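Per-entry structural report
Residues per chain are reported as follows:
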Amino acid sequence: MILSRRLECFYYLLTLTANILGETSYTTVGHHARGVLKYWRRTAEEQRARLFDLLPKNVESSYTPPEVIKHRGYPAEVHHVTTDDGYILELHRIPPKSSSRPTNRKVVLLMHGVVESSGTWVVNPSSRSLAILLAAQSYDVWLGNFRGNRYSKSHIRLSPKQAQFWKFSWDEIGNYDIPSLINYILKETGQSKLSYIAHSLGCGVFFIAMVKHPELNAKIDIMIALAPLSSFAHFTTPLFRILTPLSKLIQGILRMTRTWGVLDSAGIPDLLYNIVCDQTYSQARFCRKLLNAIAGPNPDNIELELIPLVGSNYLQGTSVPVMAQFAQNYFAGERFQAYDYGWRGNLMRYRSFKPMEYVLGKVTAPVYVFSGGSDRIVTPLDVDWLLTQLGNLKGSTRLSDYNHADFLWGTDVKERVYDKVFSLLPPP
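Residues numbered from 1 in each chain as written. Predicted model: local features only at pLDDT ≥ 70, side-chain atom pairs only at ≥ 80, totals over all residues. Heavy atoms only, no water.

1. Quick word on empty space enclosed by the protein
Applied cut-off: Grid points spaced at 1 Å over the protein atoms alone were grouped into cavities, where a 1.4 Å probe fits but cannot get out, and pockets, open sets with protein on both sides within 12 Å along at least five of seven lines, with lining residues defined by an atom within 4 Å of a point. Grid points are joined across faces, edges and corners, and a volume is the space filled by probe spheres set on the points. Residues are grouped as follows: Ala, Val, Leu, Ile, Met, Phe, Trp, Tyr, Cys and Pro are nonpolar; Asp, Glu, Lys and Arg are charged; every other residue, Gly included, is polar.
Here the structure, examined in full by the defined rule, presents two cavities of 30 Å³ or more. As for the largest cavity, its lining consists of His112, Val114, Val115, Glu116, Phe146, Arg147, Asn149, Ile173, Leu201, Gly317, Thr318 and Val322. Classifying every residue of the lining of the largest cavity by side-chain character gives six nonpolar, four polar and two charged. Here the second largest cavity defines a volume of roughly 30 Å³.

Okay, structure coming up:
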């Protein structure tokens, strides 16, 4: 307002001078005055636009998941679980609120997808964060982390600097990590069963665990699968479709460069993300478009203010074989198979030229599926195949406009998904 009034005064003085100088001068000077005023107004608008385009700073962007939980007003615990093959996994717990029967609170384990971490469940604000909403209802909430991500990068004898540390695929996560986490939590809480909720690969490795360890099925009162990964035959993400035929070449280059762990953005990549995506609304809008290009359309269902938090909880690291297994399952067609070591390696491991196929009919734990009609990663066709394979499917809901990320960070995810999840879970 002050700048505008000053410009108007300046314009008045110029036009007054023009009147004094005469009609010809009035026209000339008046024209220049209007030009100057227009330029100044445009400059002021551009400065104001840049000012209002700045994204608000969110301190949680630099927090660990337990720090975020505490910042939201809930207690947080950090637990460490050692698998049978020596990996040390970090668990983040939101213990139930104190009550007269604290040991009887129902237990819920949340598992993330590929290159994510437990932090993915607390990106959304508390009013629509699944982890916080469960804690608010007095569930005993546990957030798991796969081996190789930022919070589970330890081993009893191996170092992440060694190639041997990174020689794991979906199979090892399902065969070792999931059973170890489930058994640890049940022992720690004194419960006989827990509820398992997962997104994407967190579902796929659950299916592997149930097939490889049939006794675990009896320890699951319900499994809720959000955009569940199994068959990968029909995925449509353009970038992945371009890179998938080059997967063997990429693996060879990574071996030559002694790169075994991939897609951990800690350090310079995080800094670059902050520069490219975290400064202004315009940048956040651009990065959201990139996310939608991978996950699927539904562009307005992630708030721009969340983009910095999404970035700080995405690309948390995994192994080269984990990523390669996506390409392998794509080429395998409609089947859910173990890692492909080539015909010689397969003969040694599976006594077959082809990799072992996981028979999903052996998953007898009750499963309820939520999927997205606009999901480019776990497509409706792949989910349809999964629904015909599971041994104890209890129900399925498809949200026609949902993409892969909406189940975690959608603005309407509480009303459209989580409220239904609560109705399926045993009461706390």
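2. Looking at the packing of helix H5 (residues 170–189) against helix H12 (residues 320–332)
This is how it is decided: Axis angles are defined between N-to-C directions and span 0 to 180 degrees, where every axis is a line fitted to C-alpha atoms and, for a helix, only to the segment in contact. Helix numbering and strand numbering both begin at the N terminus, where a helix is a DSSP run of H or I of at least 4 residues and a strand a DSSP run of E of at least 2. What sets the label is the angle itself: under 35 degrees gives roughly parallel, over 145 gives roughly antiparallel, 65 to 115 gives roughly perpendicular, and the rest give oblique. In what follows, a contact means two residues having at least one pair of non-hydrogen atoms within 4.5 Å.
Between H5 and H12, whose axes approach to 8 Å, the crossing angle comes to 115°. Taken as axis vectors, H5 and H12 run roughly perpendicular relative to one another. Where H5 approaches H12, its residues Trp170, Asp171 and Ile173 are matched on the opposing element by Val322, Gln325, Phe326 and Asn329. Its residues assigned to classes, the contact of H5 with H12 comprises four nonpolar, two polar and one charged.

3. Some details on a nonpolar patch on the surface
Quick note on the threshold: To count toward a patch, a residue needs a relative accessible area over 30% and no salt bridge; like charges are then connected within 9 Å, while nonpolar side chains (Val, Leu, Ile, Met, Phe, Trp, Tyr) are connected within 5 Å. Note on areas: Shrake-Rupley with a 1.4 Å probe; residue coverage comes only from the protein chains shown. We define a salt bridge as a side-chain nitrogen of Lys or Arg found within 4 Å of a carboxyl oxygen belonging to Asp or Glu. For every residue, the accessible area obtained with a 1.4 Å probe (protein chains only) is divided by the maximum for its type, and the residue is called buried under 20%, exposed over 50%, and partly exposed between those limits.
A cluster of nonpolar side chains, Leu239, Ile242, Leu243, Leu246, Leu249, Ile250 and Ile253, forms an exposed patch at the surface whose accessible area comes to about 610 Å². Sorting the residues of the nonpolar patch by element identifies helix H7 (238–243) and helix H8 (247–256) as the ones contributing at least two each. By relative accessible area, which is 36% here, leucine 243 ends up partly exposed.

4. Focus: the state of the cysteines
Convention followed: Throughout, disulfides are identified as pairs of cysteine sulfur atoms within 2.5 Å of each other.
Counted by the stated rule, this structure contains one disulfide. Between cysteine 277 and cysteine 287 runs a disulfide, and the two sulfur atoms are separated by 1.8 Å. Residues cysteine 277 and cysteine 287 are joined through a disulfide that is left-handed, its torsion about the S-S bond being -80°. Here cysteine 277, found in helix H9 (residues 268–277), pairs with cysteine 287, found in helix H10 (residues 281–295); they are 10 residues apart in sequence, far enough to count as distant. For cysteine 277, a relative accessible area of 4% translates into the label buried.

5. Looking at helix H16 (residues 413–424)
As a reminder of what qualifies: Expected helix span is given by 1.5 Å per residue-to-residue step, counting one fewer step than there are residues.
An ideal rise of 1.5 Å per residue puts 16 Å on 12 residues; H16 measures up with 16 Å between its terminal C-alpha atoms. Where the residues of H16 are buried, they touch helix H4 (130–136), strand S6 (194–199), strand S7 (220–226), strand S10 (367–372), strand S11 (393–399) and helix H15 (406–409).

6. Looking at the nonpolar core
Here is the rule we go by: For this analysis, a nonpolar core means a set of buried residues of the types Ala, Val, Leu, Ile, Met, Phe, Trp, Tyr and Cys, connected via side-chain atoms within 4.5 Å.
Counting 58 residues, the largest nonpolar core has Tyr196 and Phe207 as its most contacted members. The leading source of residues in this core is helix H6 (residues 201–212), at nine residues. Look past the residues within four positions of phenylalanine 207 in its chain and what remains in contact with it is Met223, Pro228, Leu229, Phe336, Leu360, Val363, Leu386 and Leu390. Judged by nonpolar contacts, the second largest core, of 51 residues, contains Leu55, Ile224, Ile302 and Phe407.

7. Focus: the layout of surface pockets
When its volume is computed, the largest pocket comes out at roughly 1,400 Å³. Lining the largest pocket we find 47 residues, and of these Phe240, Leu263, Tyr314, Leu315 and Met323 sit closest to its centre. For the lining of the largest pocket, the secondary-structure elements that each account for two or more residues are H7, H8, strand S8 (261–264), H9, H10, helix H11 (307–312), H12 and H15. Broken down by class, the residue content of the lining of the largest pocket amounts to 34 nonpolar, nine polar and four charged. In this structure, the second largest pocket spans a volume of roughly 740 Å³. Taken together, 30 residues line the second largest pocket, and the ones lying closest to its centre are Gln251, Pro321, Tyr339, Asp340 and Tyr341. Residue assignment for the lining of the second largest pocket shows that the elements contributing at least two residues are H8, H12 and helix H13 (342–350). Per-element accounting of the lining of the second largest pocket gives the leading share, six residues, to H12. Along the lines of polarity and charge, the residues of the lining of the second largest pocket split into 13 nonpolar, eight polar and nine charged.

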